[in-house]
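# A structural walkthrough
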Amino acid sequence: MDNLYRRNQILELLQHETVTTQEGLRRRLARRGIRVTQATVSRDIEELGLIKTRSGYRRPDAPEPLSAPQPTLPVILKEFVREVLQASNMVVVKTHPGNAHSVGVALDAEQWSEVVGTVAGDDTIFIATPGAREAARIRKKILSLLAA
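Thresholds, definitions, all that
- Residues numbered from 1 in each chain as written.
- Predicted model: local features only at pLDDT ≥ 70, side-chain atom pairs only at ≥ 80, totals over all residues.
- Heavy atoms only, no water.
- Helix = DSSP H or I, 4+ residues; strand = E, 2+ residues; numbered from the N terminus.
- Contact = heavy atoms within 4.5 Å.
- Areas by Shrake-Rupley, 256 points an atom, 1.4 Å probe, with all protein chains shown as cover.
- Lys, Arg positive; Asp, Glu negative; His and termini not counted.
- Charge placed at Lys NZ, Arg CZ, Asp CG, Glu CD.
- Salt bridge = Lys/Arg side-chain N within 4 Å of Asp/Glu carboxyl O.
- Buried < 20%, exposed > 50% of the residue type's maximum accessible area, 1.4 Å probe, protein only.
- Arc of directions from axis to C-beta.

### Some points on the overall build of the chain
The helix and strand inventory of the chain stands at six helices and six strands. The dimensions of the chain, computed from C-alpha atoms along their principal axes, are 50 × 35 × 25 Å. Look at the contacts in the chain between residues 6 or more apart in sequence, and 53% of them connect residues 24 or more apart. As displayed, the chain offers around 9,100 Å² of accessible surface, 51% of which is attributable to carbon and sulfur atoms. One finds the centroid of the 21 positive side-chain charges in the chain at a distance of 6 Å from the centroid of its 17 negative side-chain charges.

Encoded structure:
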């Protein structure tokens, strides 16, 4: 694996995600097919000159992200979700019209290990999982949050 490529992937990850630990960064790289040790991640962080803040790793010249108060996932689900179904290795979440994107963003923020990816339309979200067992777990998680 080319050092430059890996380090560019790290910088790209940090632009789009909050990473608070070296292990978290290592796992995110692994999801992109880049298998590295914690020691390699540590060296990359040092070489890139990254700094660690309360909100995670970032470049020294990058502004500290301002985090506006966000409603919790259960609040978002209760407000917008109408139905949660399983279809093989997929979970289909039906929302009120125009709300699928907001629910999809909230679900993505959870970073559940069973989720491979999500696609949100106007009133429907498809949650892809590796298999039917994982899809059943995700559906159960969502339904338990709706019932909370």
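Next, the rest of the story.
### Some points on the pattern of salt bridges
Following the criterion strictly, the structure yields nine salt bridges and no others. With a shortest N-O distance of 2.6 Å, Arg26 and Glu23 are connected by a salt bridge. Remark: Glu23 and Arg26 occur in helix H2 (residues 22–31); sequence separation between them is three residues, near one turn of the helix. Using a relative accessible area of 24% as the deciding quantity, one classes Arg26 as partly exposed. The class for Glu23 is partly exposed, based on a relative accessible area of 34%.

### Topic: helix H5 (residues 100–110)
Considered for burial, the residues of H5 that qualify are Ala100, Val103, Gly104, Ala106 and Leu107. End-on, the buried residues of H5 take up no more than an arc of 165 degrees, which puts them together on one face. Facing away from the buried side of H5 by more than 90 degrees, the exposed set consists of His101 and Ala109. Buried residues in H5 make contact with helix H4 (73–80), strand S3 (81–87), strand S4 (90–95), strand S5 (117–120), strand S6 (124–128) and helix H6 (132–147). Just downstream of H5 lies Gln111, where phi reads positive at about 50 degrees.

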